[in-house]
Amino acid sequence: MRNFIGLTERPSLDNIAVTQGPVPVPGPGEVLVRVRATSLNYHDYLVVAGFIPQPAGRIPMSDGAGEIAALDPGVKGWRVGDRVMGAFFPDWVDGPPTDANNAAISGETVDGFAADHVVVPAHSLSAMPAGWSFAEAATLPCAGLTAWRALRVEGRLEAGATVLLPGSGGLSVFMLQIAKAIGIRTVMISSSDDKLARLKELGADHGINYRSLPDWAPAVRELTGGRGVDLALDIGGQSTFAHSVAACRMGGHLLVVGSTSNGAPELPLRDVVMRHIRIGGMAVGSVAHLADLVRFVEAHAIRPVIDRDFPLAELGAAFRHQLSGAHMGKITVSL
Ligand SMILES: NC(=O)c1ccc[n+]([C@@H]2O[C@H](COP(=O)([O-])OP(=O)(O)OC[C@H]3O[C@@H](n4cnc5c(N)ncnc54)[C@H](OP(=O)(O)O)[C@@H]3O)[C@@H](O)[C@H]2O)c1
């Protein structure tokens, strides 16, 4: 039997429960993974709290790391016992995003990793970084990969560039660690002076408290010699979008990856047009991008910042901890 969380017809943080069912059997091209850890992402919260509606029974959580327990005889390149990570987009193996390769989303349109055994396509798997725990590896497929792709693939930033990173959550802390390893200068904004102090210990060059300084873009420009940042990441939506645009340099790049606030942002049209700001959206990345990231974290000895680990039965409490904003870095769940 396996233990897993299947969402109810009307999911909420109050009705997440572990149930039992038969261990699935891998079909052609598939692998059975004994999942050891998953990690929380805001996208998972939107699923488990019912904001992204799913059919009853859907197994949530896009991130997963574990060991291969069995595999279809036709699968090449993997063996029982290999330590692997799943993928946010299990069918996006390589190349640009397409409608077809982005259709399957772990924990949303297909079952995810809130289960101690899952069957996944072999092509979705990546080898864990050497020496990493399962909890550490479970932080890479969504937040780590998004950070990597934003800085390196979409942002194409090199040493000496400057980036604006919002908050101290899983995504921003990964971006800080990768940016430092590349030599990119970072300006971070957070609601907490304590967190800003910890971000500086991790290598942030500058920190601004967006609560005590709600109009923070002029301070970002001042900290960058009046120029503005090369790349700003936007996760605050309505509450940050215009500020993020204003924080960019002439011809700078704004990458929108989500929204932690309600409501659509207004477009500061004149600022965007007259300062030639490039605005783009992006979601996570491919299995090939994840392989590049694994090589990078191994070469630079980067280890994820894990705030707290919960058991699977306390997934609801784990999301409440995330929503409280008390965390810094990633929250993981061990199975
Ligand atoms: N598109 C993608 O590929 C992708 C992938 C991963 C994540 N995301 C998105 O990125 C966002 C963050 O994800 P996460 O997993 O890092 O979440 P998280 O761990 O919950 O972190 C969220 C953090 O955002 C900060 N924040 C909230 N409101 C803010 C605001 N108005 N201005 C600046 N910072 C603010 C807070 O930091 P402080 O406590 O320091 O204030 C909070 O701790 C979410 O919207 C998520 O959907 C997108």
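An unreviewed UniProt entry annotates the protein as Enoyl reductase (ER) domain-containing protein originating from Sphingopyxis macrogoltabida.

The next thing to look at is the packing of helix 3 (residues 140-154) against helix 4 (residues 170-182). How two helices pack is summed up by the angle between their axes together with the distance between the axes. Contact geometry of helix 3 with helix 4 gives a least axis separation of 8 Å together with a crossing angle of 45°. In terms of orientation, helix 3 lies oblique with respect to helix 4. In this structure, helix 3 meets helix 4 at a crossing whose hand is right-handed. Note on element contacts: helix 4 touches helix 3 through G170, L171, F174, M175, I178, A179 and I182, opposite L140, A143, G144, T146, A147, W148, A150, L151 and R152. Taken together, the residues that form the contact of helix 3 with helix 4 break down as twelve nonpolar, three polar and one charged.

Here the focus is the pairing of strand 12 (residues 248-256). Pairing of strand 11 (residues 229-234) with strand 12 involves five bridges; the strand directions are parallel. Bridge assignment links L233 to a residue of strand 12, and that residue is L255. At this point the chain moves from strand 11, through helix 7 (residues 241-247), to the parallel strand 12, and the crossover so formed is right-handed. Bridge count for strand 12 against strand 13 (residues 278-281) is four bridges, and the pairing is parallel. Note that in strand 13 the partner of L254 across the bridge is I279. Running through helix 8 (residues 269-274), the crossover from strand 12 to the neighbouring parallel element strand 13 is right-handed.

On to helix 4. The end-to-end C-alpha distance of helix 4 is 19 Å, a good match for the 18 Å that 13 residues give at a rise of 1.5 Å each. Most of helix 4 sits out of view: eleven of its 13 residues are buried. Along helix 4, the residues that are buried comprise G170, L171, S172, V173, F174, M175, L176, Q177, I178, A179 and I182. Positive backbone phi, approximately 100°, marks G183, located one or two places after helix 4.

Before going further, it helps to examine the side chain of T146. Along the polypeptide, T146 turns up in helix 3. Using a relative accessible area of 6% as the deciding quantity, one classes T146 as buried. Within polar-contact distance, the side chain of T146 engages the backbone oxygen of C142 at 2.7 Å.

Next up on the list: the UniProt feature "domain: Enoyl reductase (ER)" (unreviewed entry) in the protein. On the UniProt side, "domain: Enoyl reductase (ER)" (unreviewed entry) is annotated at positions that read residues 11-333 here. Across residues 11-333, helical content stands at 28% and strand content at 23%; the span's end C-alpha atoms are separated by 19 Å.

With that settled, the discussion passes to the domain arrangement of the protein. Domain parsing of the protein yields domain 1 (2-139 + 304-334) and domain 2 (144-281). If you average the C-alpha positions of domain 1 and of domain 2, the two centres end up 28 Å apart. Taken residue by residue, the interface counts eleven residues in domain 1 and 14 residues in domain 2. Across the domain 1 to domain 2 interface the summed buried area is about 970 Å²; carbon plus sulfur atoms make up 63%. Of all residues in domain 1, Y42, V305 and M328 bury the most surface against domain 2, accounting for 49% of the area lost on that side. Where domain 1 touches domain 2, the interface holds zero salt bridges. Summed over the shared surface of domain 1 and domain 2, the result is five residue pairs in polar contact (both at pLDDT 80 or more).

The rules behind the values
Residues numbered from 1 in each chain as written. Predicted model: local features only at pLDDT ≥ 70, side-chain atom pairs only at ≥ 80, totals over all residues. Heavy atoms only, no water. Axes fitted to C-alpha atoms, helices over the stretch in contact; angles between N-to-C directions. Helix = DSSP H or I, 4+ residues; strand = E, 2+ residues; numbered from the N terminus. Parallel < 35°, antiparallel > 145°, perpendicular 65-115°, else oblique. Left-handed = near helix turned anticlockwise from the far one by under 90°. Contact = heavy atoms within 4.5 Å. Nonpolar A, V, L, I, M, F, W, Y, C, P; charged D, E, K, R; others polar. Pairing = 2+ DSSP bridges. Right-handed = clockwise from strand over helix to strand, strands pointing away. Expected span 1.5 Å × (residues − 1). Buried < 20%, exposed > 50% of the residue type's maximum accessible area, 1.4 Å probe, protein only. Polar contact = N/O pair within 3.5 Å; in protein donor to acceptor, adjacent residues only side chain to side chain. UniProt positions renumbered as here; feature names shortened; annotations may be inferred. Domains from an automatic or database assignment. Buried area = accessible area lost by both parts, 1.4 Å probe. Salt bridge = Lys/Arg side-chain N within 4 Å of Asp/Glu carboxyl O.

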